[in-house]
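Residues per chain, in single letters:
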Amino acid sequence: MGLDLEKLAAIDDKLSHRHLDLDPSGYFIIYLEREAGLICAKHFTNVIDERGLAVDPETGKVIPARGKVERTHTTVFTGRTAKELCVRIFEETKPCPVTQLDHAAYLGREFVRAEIALVTGQEYVQD
């Protein structure tokens, strides 16, 4: 029983709508700097409140999952490949800005997607 691209996309789409516990160490906004040939990941800190929502530690306001939010990142990580970026974040940065395994796995998948988009010239939109 082989899987075609349409079936694979349906599986990923369904999984993209599941509940996730947020990482209390923060979140990343991933984007490409095409001219420099880099995958970039801005790290933002947050606090998780009693409802499980991400809150800006400076203002105490809930950080919306959608829409534009004006916040200052704590660090920008860059790499030419997904692997280089993962090494910088997970191995070289102490303490590691990621505290949950599911968050680490998600970032690895996103970095690979970003690398493919960088190499092929496709648009990259973070999932």
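Scope of this entry: the structure provided in the associated data block. (Residues numbered from 1 in each chain as written. Predicted model: local features only at pLDDT ≥ 70, side-chain atom pairs only at ≥ 80, totals over all residues. Heavy atoms only, no water.)

1. Remarks on the side chain of D49
- Secondary-structure assignment places D49 in the loop between β3 (47–48) and β4 (54–55).
- For D49, a relative accessible area of 15% translates into the label buried.
- A polar atom in the side chain of D49 sits 2.6 Å from the side chain of R51.
- Those residues in contact with D49 that lie beyond four places of it in its chain are V55 and V62. (Helix = DSSP H or I, 4+ residues; strand = E, 2+ residues; numbered from the N terminus. Buried < 20%, exposed > 50% of the residue type's maximum accessible area, 1.4 Å probe, protein only. Polar contact = N/O pair within 3.5 Å; in protein donor to acceptor, adjacent residues only side chain to side chain. Contact = heavy atoms within 4.5 Å.)

2. Some points on the layout of surface pockets
- Roughly 1,900 Å³ of internal volume is contained in the largest pocket.
- Taken together, 43 residues form the lining of the largest pocket, with L20, A65, Y106, Q126 and D127 sitting closest to its centre.
- Of all the secondary-structure elements, those providing two or more residues to the lining of the largest pocket are α1 (5–15), β1 (27–33), β2 (38–44) and α3 (101–120).
- Here the lining of the largest pocket is composed, by residue class, of 19 nonpolar, nine polar and 15 charged. (1 Å grid on protein atoms, 1.4 Å probe; cavity = no way out; pocket = protein on both sides within 12 Å on 5 of 7 lines; lining within 4 Å. Points joined across faces, edges and corners; volume = space filled by probe spheres on them. Nonpolar A, V, L, I, M, F, W, Y, C, P; charged D, E, K, R; others polar.)

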